[in-house]
Amino acid sequence: MDTPMLPRPHLSAHREALRLSASKVVEKLVEIVGRKLTAYIGGVKDTRAVDRWIAGGTIYGDAESRLRFAFQVVCTLSEHDSPAVVQAWLTGVNPELGDRVPLRLMREHEIDAVAPAILSAARAYLSDK
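Since this is a predicted model, take the numbers as computed values, not measurements.

Caption draft 1: Structural view of the environment of threonine 76. Along the chain, threonine 76 falls in helix α4 (residues 63–78). Classification of threonine 76 as buried rests on a relative accessible area of 4%. The sequence separation of threonine 76 and valine 86 amounts to 10 residues, and the corresponding C-alpha distance is 9.5 Å.

Caption draft 2: Geometry of the environment of aspartate 112. Secondary-structure assignment places aspartate 112 in helix α7 (residues 111–127). Separated by 46 residues in the primary sequence, aspartate 112 and arginine 66 place their C-alpha atoms 9.6 Å from one another.

Caption draft 3: Geometry of the pattern of salt bridges. This structure, assessed with the given rule, holds 6 salt bridges. The closest approach of N and O atoms between aspartate 51 and arginine 35, which form a salt bridge, is 2.7 Å. Of this pair, aspartate 51 sits in helix α3 (residues 47–54) while arginine 35 is found in helix α2 (residues 22–42), placing the two residues 16 residues apart along the sequence. Residue classification places arginine 35 among the partly exposed positions, given a relative accessible area of 37%. Here arginine 68 makes a salt bridge to glutamate 64, at a shortest N to O gap of 2.9 Å. On the criterion of helical spacing, the pair formed by arginine 68 and glutamate 64 is a turn pair, its members being 4 residues apart in helix α4. Taking the relative accessible area as the measure of exposure, glutamate 64 reaches 29% and is therefore partly exposed.

Caption draft 4: Region of the structure containing the environment of leucine 103. As for its placement among the helices and strands, leucine 103 is situated in helix α6 (residues 102–108). A relative accessible area of 4% means that leucine 103 is categorised as buried. For the pair leucine 103 and glycine 92, spaced 11 residues apart in sequence, the C-alpha to C-alpha distance is 8.4 Å. Setting aside anything within four residues of it in sequence, one finds leucine 103 in contact with Leu37, Tyr40, Ile41, Leu90 and Thr91.

Caption draft 5: How the structure looks around unusual backbone geometry. A positive phi angle is found at aspartate 99, which is not glycine, with a value near 60 degrees. By secondary structure assignment, the location of aspartate 99 is in the loop between α5 (83–91) and α6. Aspartate 99 sits in the exposed class, given a relative accessible area of 51%.

Thresholds applied
- Residues numbered from 1 in each chain as written.
- Predicted model: local features only at pLDDT ≥ 70, side-chain atom pairs only at ≥ 80, totals over all residues.
- Heavy atoms only, no water.
- Helix = DSSP H or I, 4+ residues; strand = E, 2+ residues; numbered from the N terminus.
- Buried < 20%, exposed > 50% of the residue type's maximum accessible area, 1.4 Å probe, protein only.
- Salt bridge = Lys/Arg side-chain N within 4 Å of Asp/Glu carboxyl O.
- Contact = heavy atoms within 4.5 Å.

Set out below in structure tokens:
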């Protein structure tokens, strides 16, 4: 007996985060959350680095994995909400994350350590819609 497939929008966001070039990921992040938040996620203080990344410049360290993960989360949320709401979700205290800020978790911790909790919090937010 075939089990019906449940809609899983986060899977398409995951695929897109993997398939796009790093410069395209950064460009799309900027479109939704802006240069300053993208720079913060990437661990840089200067938004000129974001412009270099969009132009194809090298993204150093673990910044690319953080940017790709953030893109996945942002795409998932932006399918249901405006960029302003997505930005508020990223920068606000989240009860699903023990009253921590998702964006800060992405920047200050290993992505592998925080990704499950952040994705779970995003899914919980979407399930209440």
